[in-house]
Amino acid sequence: MKEFFGFGGYSRPPEGYLSPEHLIFVSSLMVVMIALAVFLGVRYRGRGFREKLKPLAVAAIGMDGIELIKIVIICFRNHDALSWLYILPLFLCSIQLITIPLAAFAKGRVQEAALDFVAVFGLLGAVLGTYGAGNNYGSYPVISLDNVASGLTHCIAGFSALYVMISRAAGLKKKNMPITFAILTGFCVAAYIADVLLPYNYMFLMRGDGTPYDILYDLLGGSPVLYPLAVYLLFIVYIAAFYGVYYLCAKSRKRAAQRSVDRLPIAR
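Keep in mind that what you see is a predicted model, and the values were worked out from it rather than measured. (Residues numbered from 1 in each chain as written. Predicted model: local features only at pLDDT ≥ 70, side-chain atom pairs only at ≥ 80, totals over all residues. Heavy atoms only, no water.)

**Topic: the environment of leucine 197**
Let me state the cut-off plainly: Only DSSP runs of H or I reaching four residues or more are called helices, and only runs of E reaching two or more are called strands; each is numbered from the N terminus. Throughout, exposure labels follow a simple rule: accessible area from a 1.4 Å probe, protein chains only, divided by the maximum for the residue type, with under 20% read as buried, over 50% as exposed, and the rest as partly exposed.
Following the sequence through the fold, leucine 197 ends up in helix α8 (residues 177-197). With relative accessibility at 67%, the residue leucine 197 sits in the exposed group. Distance in space between the C-alpha atoms of leucine 197 and leucine 23 is 35 Å, their sequence separation being 174 residues.

Structure representation (structure tokens):
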């Protein structure tokens with residue numbers, strides 16, 4: 001248990017980013033994530049809106065609970081009460097620590113926007129935070145507090161995204177798009193300020209740290225101005241693309257349904 005929690009430092013060397021151990025571990029989490037999302041999404045699809053939020057409420061409590069326990073243990077492990085400054089929810093994936101509870105427990109326009117944000121970014125965060133987390137899996141053993149807690153929280157975010165789409169809890173309404181952009185922009189600004197003041201690398205706005213962001217960082221020569229702007233613009237492009245694909249698919253389904261109606265025999 002001491003070795004799992006990292007008290008006194010990990011004696012085991014990291015297995016490495018994209019090692020068989022890393023891929024087997026995160027793939028196992030992904031299989032469970034997808035299976036639960038499909039099972040519960042189909043099961044709750046025909047129920048009322050408040051009923052659909054029950055699995056999301058469990059996900060919100062579980063995700064925030066795991067993250068809180070991790071923060072407490074890391075502060076205790078490091079003998080530093082200020083360790084929490086470097087575990088703030090200012091990464092793209094950790095925004096879900098706030099938006100999933102809002103999606104489950106808030107009401108009105110705020111809840112709608114939170115549900116949309118969960119749908120748009122949850123799955124992307126799950127993939128980047130597991131398969132793309134070179135910063136974690138290159139630094140810590142696979143079976144350790146840092147990686148197990150991270151894998152679980154990222155996959156809870158991915159589960160939530162798949163669940164709200166399969167159960168049709170998220171509406172992805174055009175009127176909520178500005179709120180989605182505003183949430184992202186606000187967190188990016190807060191992350192950049194924290195990066196400069198601490199300093200740190202929230203949202204990977206300073207450097208890639210062994211993640212796929214390194215590709216963009218190298219392309220821009222590590223520019224302290226162009227690189228963070230490019231990361232932010234990638235997020236904006238992703239939101240626009242997600243909504244674009246969603247509305248194209250919705251339009252295609254509508255046309256298919258209309259063709260099915262047109263083929264029905266006319267009653268005489």
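**Quick look at the pattern of salt bridges**
For clarity, the threshold we go by: Any carboxyl oxygen of Asp or Glu that lies within 4 Å of a side-chain nitrogen of Lys or Arg is treated as forming a salt bridge with it.
Across all of its chains, the model carries seven salt bridges by this definition. Arginine 12 serves as the salt-bridge partner of glutamate 3, at 3.0 Å between the closest nitrogen and oxygen. Exposure remark for glutamate 3: the relative accessible area of 24% places this residue in the partly exposed category. Overall, the relative accessible area of 29% leaves arginine 12 in the partly exposed class. Connected through salt bridges with shared partners, the residues Arg47, Glu51 and Lys54 form a single ionic network.

**Some points on unusual backbone geometry**
Looking along the chain, the bond that leaves leucine 198 and enters proline 199 is cis, with omega of -10°. On the secondary structure map, proline 199 appears in the loop between α8 and α9 (213-219). In this structure, leucine 18 is a non-glycine residue whose phi angle is positive, near 65°. Note on placement: leucine 18 falls in the loop between α1 (2-5) and α2 (20-44). A residue is classified by how much of its surface remains accessible, and leucine 18, at 47% relative accessible area, is partly exposed. The backbone of methionine 203 shows a phi angle near 60°, a positive value even though the residue is not glycine. As for its placement among the helices and strands, methionine 203 is situated in the loop between α8 and α9. Note on methionine 203: relative accessible area 1%, which makes it buried.

**Here's the deal with α8**
Cut-off, in case you're wondering: Working rule for helices: expected span equals 1.5 Å times residues minus one. An arc is given here, and it is the one of the directions from the helix axis to the C-beta atoms.
Helix length check: α8, at 21 residues, gives a terminal C-alpha distance of 31 Å against a target of 30 Å (1.5 Å per residue), a fit within 8%. For α8, the full list of buried residues reads Thr180, Leu184, Phe187, Cys188, Ala191, Ala194 and Asp195. Projected onto a plane normal to the axis of α8, the buried residues spread over an arc of 130° and lie on a single side. What points out from α8, more than 90 degrees from its buried face, is the exposed set Pro178 and Leu197.

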